[in-house]
Amino acid sequence: MSKHIPNIITAVRILLLPLIYLFYLVDLVPYSKIIAITIYIVAAVTDFLDGHLARKHNVVSNVGKMLDPIADKMLYYTGLFLIVVSDILPLWACVIIYFINLIRDFAIDCLRMLAATKGTIMAANMFGKIKTTIAFIAVPWLMLLPCLPADLSWLLVLQIIGYVLIGLQTVCCLLSGLVYLIQNRKVLAS
């Protein structure tokens, strides 16, 4: 197996983003939103696939460790943006979610860059992986809500589940940020 396949899969995840926007925002064909959600889910699955292949075939690379979290964030923020413009969540909730995620991502990216200048590559921690997994479930779940009939008897239950999932993702986002800072405090101290 080529040592570059996991990184190529990560790059494909990034290349799928315009298709998600296009199909979700523009009714090109019947069921465009469903197609966009399907592409989003396929892209999310590639996150697990590239990491699995890299570890299984022992081709984990520093490029992959840096590129994978960037691709994850790009995919997550694509979905979150589509949720915002579709009025799926109240604006105040979107602002809080965006703020917490952006501050955490900015802080961790700065910490990663600082660590890289000292020859250290920071891999994702368990809370970060849980955060990403929940995000990749919550976002397409919420994106699906406008596709469902408004008179669906259990629509409110589906909305509440989506809200709980995105809230749980936000809590995990905070926890993963704190864990990163605690685990890598030596980078900040030196």
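What this report covers is the structure whose coordinates are included nearby.

Calculation notes
- Residues numbered from 1 in each chain as written.
- Predicted model: local features only at pLDDT ≥ 70, side-chain atom pairs only at ≥ 80, totals over all residues.
- Heavy atoms only, no water.
- Helix = DSSP H or I, 4+ residues; strand = E, 2+ residues; numbered from the N terminus.
- Rg over C-alpha atoms; globule rule 2.2 N^0.38 Å.
- Buried < 20%, exposed > 50% of the residue type's maximum accessible area, 1.4 Å probe, protein only.
- Contact = heavy atoms within 4.5 Å.
- Axes fitted to C-alpha atoms, helices over the stretch in contact; angles between N-to-C directions.
- Parallel < 35°, antiparallel > 145°, perpendicular 65-115°, else oblique.
- Left-handed = near helix turned anticlockwise from the far one by under 90°.
- Expected span 1.5 Å × (residues − 1).
- Salt bridge = Lys/Arg side-chain N within 4 Å of Asp/Glu carboxyl O.
- Core = buried A, V, L, I, M, F, W, Y, C linked by side-chain atoms within 4.5 Å.

### Quick notes on the overall build of the protein chain
- Each helix and strand in the protein chain was counted, giving eight helices and zero strands.
- On C-alpha atoms alone, the protein chain measures out to a radius of gyration of 18 Å, which is about the 16 Å that the 2.2 N^0.38 rule sets for 190 residues.
- C-alpha extents for the protein chain along the principal axes are approximately 60 × 40 × 25 Å.
- Across the 190 residues that make up the protein chain, the buried fraction comes to 42%.
- Taking the intrachain contacts of the protein chain between residues at least 6 apart in sequence as the baseline, contacts between residues at least 24 apart amount to 77%.

### As for the packing of helix α4 (residues 62-85) against helix α5 (residues 91-117)
- Here α4 crosses α5 at 165°, and the two axes come no closer than 12 Å. The orientation of α4 relative to α5 falls into the category roughly antiparallel. Judged by the twist between their axes, the crossing of α4 over α5 is left-handed. Listed contacts from α5 to P69, K73, Y76, Y77, L80, F81 and V84 of α4 are C94, I97, Y98, N101, L102, R104, D105, D109 and R112.

### Some thoughts on the side chain of T170
- Structurally, the position occupied by T170 is in helix α7 (residues 155-183).
- A relative accessible area of 8% places T170 in the buried class.
- Non-local contacts of T170, meaning those with residues more than four positions away in its chain, are made with I97, I100 and N101.

### Observations concerning helix α3 (residues 32-56)
- Here α3 is 25 residues long and its end C-alpha atoms lie 36 Å apart, about the 36 Å a rise of 1.5 Å per residue gives.
- Looking one or two places after α3, you find N58, whose phi comes out positive at around 55°.

### Quick look at helix α6 (residues 126-144)
- Compared with an ideal rise of 1.5 Å per residue, which puts 19 residues at 27 Å, α6 spans 28 Å between its outermost C-alpha atoms and is within 8% of the ideal.
- G128, K131, T132, I134, A135, F136, A138, V139, P140, L142 and M143 are the residues of α6 that are buried.
- Buried residues along α6 sit against α2 (17-25), α3, α4, α5 and α7.

### What to know about the side chain of T10
- Within the secondary structure, T10 is located in helix α1 (residues 5-15).
- A relative accessible area of 2% means that T10 is categorised as buried.

### Concerning the pattern of salt bridges
- Counted under the stated rule, the structure contains seven salt bridges.
- Between D47 and R13 there is a salt bridge, and its shortest N-O distance comes to 3.5 Å. Residue D47 is found in helix α3, and its partner R13 is found in helix α1; the two are separated by 34 residues along the sequence.
- Given a relative accessible area of 8%, D47 falls into the buried group.
- Assessed through its relative accessible area of 0%, R13 is described here as buried.
- Across the salt bridge formed by D105 and R104, the nearest N and O atoms sit 2.8 Å from each other.
- Via salt bridges that share partners, R13, D47, D50, D68 and D72 belong to a single interconnected network.

### Side note on the nonpolar core
- Ranked by size, the top nonpolar core spans 34 residues in total, and within it I20, L75, Y76, M143 and I166 carry the most contacts.
- Broken down by secondary-structure element, the contributors of at least two residues to this core are α2, α3, α4, α5, α6 and α7.
- Of all the elements, α6 adds the most residues to this core, at seven residues.
- Dropping the residues within four chain positions of it, Y76 is found in contact with Y40, I97, N101, A135, F136, V139, I166 and Q169.

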